[in-house]
Amino acid sequence: MLRRRRHRRFFLYKGVKGATDPARQAAESFVSHLEAGDPDAAYELLCGDTRGGYTREAFARGVAQQPRIHSHKVNGVNVSSVNGRTSATVNMALTLGSGFTDQHTFMLVKEDGAWKVCGQPY
């Protein structure tokens, strides 16, 4: 009986990890582009609603005015589905060039099968 419980926990963990990894990877890709100084690539990972609020040039200017991200660490990922809409939050510690660490929550939505950063991106 004990062996079965362990087996079930493994499948539960694998199921949760499988649900959260794609959102985590999308957020990390977005942040990695910002770290590399490539706001154009980061812009491509924004959801349609957020892109509608920023032109590519305005987004690049906004990023340039922010402290540069030196590194990041994912602290948590949560995926949910409400009324057929799948969304996620990815909590990260962003270490800036100054050495200061900022805690930031990235909101993501699934658009056309791909995770996109939405809301206040950075």
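Higher on the page you've got the structure.
Residues numbered from 1 in each chain as written. Predicted model: local features only at pLDDT ≥ 70, side-chain atom pairs only at ≥ 80, totals over all residues. Heavy atoms only, no water.

**Some details on the state of the cysteines**
Inclusion rule: Two cysteine sulfur atoms make up a disulfide if the distance between them is within 2.5 Å. Helix and strand definitions here come from DSSP, where helices need a minimum of 4 consecutive H or I residues and strands a minimum of 2 consecutive E residues; each element is numbered from the N-terminal end. Buried residues are those whose accessible area, probed at 1.4 Å on protein chains only, stays under 20% of the maximum for their type, while exposed residues exceed 50% and partly exposed ones sit between those limits.
Counted by the stated rule, this structure contains one disulfide. Through a disulfide, cysteine 47 is tied to cysteine 118; the S-S separation comes to 1.8 Å. Measuring the twist about the S-S bond at about 75 degrees, one finds the cysteine 47-cysteine 118 disulfide to be right-handed. Within this pair, whereas cysteine 47 is found in the loop between α2 (39-43) and α3 (48-53), its partner cysteine 118 is found in strand β4 (residues 114-118), the two being separated by 71 residues in sequence. No difference in accessibility class separates cysteine 47 from cysteine 118, as the two residues are buried.

**A closer look at the packing of aromatic side chains**
In this description, a pair of aromatic rings is defined by centroid distance and the angle of the planes. Convention followed: Put simply, two rings from Phe, Tyr or Trp (the six-membered ring, in Trp's case) pair if the centres are within 6.5 Å, and we call them stacked under 30 degrees between planes, edge-to-face over 60, tilted for the rest.
Per the counting criterion, the structure on display carries four aromatic pairs. Centroid distance phenylalanine 30 to phenylalanine 59: 6.4 Å. Interplanar angle 50 degrees. Geometry classified as tilted. Here phenylalanine 30 is found in helix α1 (residues 2-35), whereas its partner phenylalanine 59 is found in helix α4 (residues 56-65), with 29 residues between them in sequence. An angle of 55 degrees between the planes, with centres 5.7 Å apart, marks the rings of tyrosine 43 and phenylalanine 59 as tilted. Of this pair, tyrosine 43 sits in helix α2 while phenylalanine 59 sits in helix α4; the two residues are 16 residues apart in sequence, bridging distant segments of the chain. We note that tyrosine 43, like phenylalanine 59, is buried. Taken together, the aromatic side chains of Phe30, Tyr43, Tyr54, Phe59 and Phe106 make up a single cluster linked through ring pairs.

**Observations regarding the nonpolar core**
For clarity, the threshold we go by: Buried residues of nine kinds, namely Ala, Val, Leu, Ile, Met, Phe, Trp, Tyr and Cys, make up a nonpolar core once their side-chain atoms join them within 4.5 Å. Contacts were defined at the residue level, with two residues in contact if any of their heavy atoms lie within 4.5 Å.
Ranked by internal contacts, the top residues of the largest apolar core, which has 23 residues, are Phe30, Leu34, Phe59, Met92, Phe106 and Leu108. Counting only elements with at least two residues in this core, the list comes to α1, α2, α4, β1 (69-82), β2 (85-96), β3 (101-111) and β4. Looking at this core, the element that brings in the most residues is α1, giving six residues. Excluding anything up to four places from it in sequence, phenylalanine 59 contacts Phe30, Leu34, Pro39, Ala42, Tyr43, Leu46, Tyr54 and Pro121.

**Some details on the pattern of salt bridges**
Side-chain pairs of opposite charge can arise whenever the charged atoms involved come near each other. Put simply, the rule reads: One speaks of a salt bridge when a side-chain nitrogen belonging to Lys or Arg is within 4 Å of a carboxyl oxygen belonging to Asp or Glu.
Within this structure, the stated rule accounts for three salt bridges. When the shortest N-O distance is used, the salt bridge between glutamate 28 and arginine 24 registers 3.6 Å. One end of the pair, glutamate 28, and the other, arginine 24, are both in helix α1, four residues apart, so they sit about a helical turn from each other. Classification of glutamate 28 as partly exposed rests on a relative accessible area of 26%. Note that glutamate 44 and arginine 56 form a salt bridge whose closest N and O atoms lie 2.3 Å from each other. With glutamate 44 in the loop between α2 and α3 and arginine 56 in helix α4, this pair connects stretches of sequence that are 12 residues apart. Judged by relative accessible area, which is 39%, glutamate 44 ranks as partly exposed. The network of salt bridges with shared partners includes Asp40, Glu44 and Arg56.

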